[in-house]
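A structural walkthrough
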Amino acid sequence: MDSTVKKTPLHAWHCDHGANMANFGGYEMPLWYGGGTREEHMAVLTAAGLFDTSHMAVILVDGGGARDLLQECFCKDLDRCIGKEPGPLVPGRAVYGAFLNDKGHVIDDALVYKMAADRFMVCVNAGMGGPIAMELERYSDGRLSLITDLTDSLGKIDIQGPRAAQILGAILQDPETVFAGMPYFSFQGHFDDRAPQAGRVRLSDGTPILLSRTGYTGEFGFELFVVPEKTEAVWTALLEAGEGAGLCLCGLASRDSLRAGAMLPLSHQDIGDWPFINHPWDFTLPWDAGKTAFTKRFRGRTALEAPSDASFTVAFAGFDPRKVPAGEGSGVLTEDGEAIGAILTCTTDVALGRHDGQIVSSASGSLPEGAKVRGLSCGFLNVNRALSPGEKVVLTDGKRKVPVEIVSDIRPGRTARRPIREML
């Protein structure tokens, strides 16, 4: 292996247990295990899957200017981001958004966790801890903020799927109390002993963890942040608790197909070096109630108010499993053959099919009579005009042509937002 490629705390474990490994974001990561991507994808929809996500980076932002610094550099309005009538981000809650440059282009997307009034945790993608920490330092402008890049200083494990609470609960101290206080996009605890006693979350062996409910599959689940030296023990404990519950080891290939079916973007692929506007993730931008203006000042705002590029990102679903890979030789055509854009992501959600023109999921538990599920291609396109749900376009790599439909949603019946009490 290239000596410049990094390893997570679970790298040796993956190699010892038959993972197919490859470079992703500068880390050698498991793509899939022996059962293959289809088995892993379906396990997350019907039982649970276990993912090593320790390649993700964490930054701590502390001090009296922490909130104002993030409000300026992060696109989501931290004063209007929680609840149906949006209120401020409060301790114990998290929010998704992006860091933009002055052109309104995405540097990286991120989750911001509010740990206390003047303490935030920022989770970004592999290799982006340093760059985002430098951006924050650059714009701190003398504010009383301490910015700490914890890249490679934490392990992170995701357990996703309808049986995740059942499995996780078996290794938690006082699971009833922990789960009672965990709505979607919340978190509890800390990855060391700095949290107040009342806010700590510990495993049955005493290991402190930061436990969150955000996810990247569209399905119910949790993420565990833990110190590196405890990561393998936590991973093994979850595997043992999941025996008999259908828990499946999962790699990045099934993570990709699951997130695409859930309409979640991959940074530097579906969002990147073009204006972060006219896309399916409008909720990340600080729009007012009428979507006519932004509610705060933030980096990139001026560029987004008058974007120079005619760029539109749209979601699609196919009519069968056929895919066209993204890349230089691929593109998007109108039904009349006019080239209008590029393929960003194209993968197959193996749980999906079509019945009477509608997308159905084999994981829903209530397939219509006669419905057949063979999988559907899905993903995101970047095109030069606005397209509406129901419009048809053609994906091509110059050899084959695959018709697909623009959609406002992809995989039905996703479980991510369900209350924990329904999943126990």
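Described in the following lines is the structure provided in the data block. Note that this is a predicted model, so its numbers are computed, not measured. For every chain, the first residue of the written sequence is number 1, and numbering continues from 1 onward in sequence order. Local features in a predicted model are, by the rule used here, given only for residues with pLDDT of at least 70; side-chain atom pairs are given and counted only at 80 or more, and totals for whole chains, interfaces and linings are based on all residues. For the side-chain quantities, the full set of heavy atoms in the structure was used; hydrogens and water were omitted.

Focus on the sheet that holds strand β20 (residues 376-383)
- Two strands form a pair only when DSSP identifies at least two bridges running between them. Numbering of helices and strands starts at the N terminus; helices are DSSP runs of H or I of at least 4 residues and strands are runs of E of at least 2. Reading around the circumference, β15-β20-β17-β16-β21-β22 is the order of the 6 strands in this closed barrel, with antiparallel pairing throughout. Each adjacent strand pair in this sheet contributes to an overall mean axis angle of 45°, direction not counted.
- Bridge analysis of strand β15 (residues 312-318) against strand β22 (residues 401-407) gives 4 bridges, and the strand direction is antiparallel. Looking at β22, one finds that G318 is bridged to V404.
- Those strands touched by helix α8 (residues 252-261) are β17 (339-349) and β20, and its axis lies near 120° from that of β17. Under this scheme, a helix contributes an axis fitted over its contacting stretch, all axes are lines through C-alpha atoms, and angles between N-to-C directions fall in the 0 to 180 degree range. Contact criterion: two residues are considered in contact whenever any of their non-hydrogen atoms come within 4.5 Å of each other.

Quick look at the nonpolar core
- If you look at the biggest cluster of nonpolar residues, it comprises 42 residues, and the most contacted ones within it are L100, Y113, M121, F191, F225 and F276.
- Of all the elements in the fold, those that place two or more residues in this core are β4 (57-62), β5 (94-100), β6 (106-116), β7 (119-124), β15 and β20.
- Excluding anything up to four places from it in sequence, M121 contacts V58, I59, L60, L111, V112, Y113, M115, F191, L210 and F225.
- Among the nonpolar cores identified, the runner-up in size contains 35 residues, and L10, L50, F222 and W235 belong to it. Only buried Ala, Val, Leu, Ile, Met, Phe, Trp, Tyr and Cys residues count toward a nonpolar core, and they belong to the same one when joined by side-chain atoms within 4.5 Å. Three exposure classes are used, based on accessible area relative to the maximum for each residue type with a 1.4 Å probe and protein chains only: buried under 20%, partly exposed in between, and exposed over 50%.

Structural notes on the sheet that holds β4
- Taken together, 5 strands build an open sheet; the order of strands is β5-β6-β7-β4-β8 and the sheet is antiparallel. Each having just a single partner strand, β5 and β8 (146-149) make up the two edges of the open sheet. Across the sheet, the mean angle separating the axes of adjacent strands is 25° when strand polarity is ignored.
- Alignment of β4 against β8, held across 4 bridges, turns out to be antiparallel. For D62, the partnering residue across the bridge sits in β8 and is L146.

Points about helix α2 (residues 37-46)
- Among the residues of α2, E40, H41, A43, V44 and L45 are the ones counted as buried.
- Contacts from the buried residues of α2 go to β2 (27-32), β3 (48-52), β9 (155-160), β14 (247-250), α8 and β17.

Notes on the packing of aromatic side chains
- Only Phe, Tyr and Trp rings are paired, with Trp represented by its six-membered ring, and only when their centres lie within 6.5 Å; those with planes under 30 degrees apart are stacked, over 60 edge-to-face, the remainder tilted. Summed over all chains, the structure comprises 11 aromatic pairs.
- On the numbers, 4.5 Å between centres and 40° between planes, the contact of W287 with F294 is tilted.
- Where F294 meets F298, the ring centres are 5.3 Å apart and the plane angle is 75°; that geometry is what we call edge-to-face. Across this residue pair, the class does not change: F294 and F298 are buried.
- An aromatic cluster of three or more residues is present, and its members are Y113, F187 and F225.

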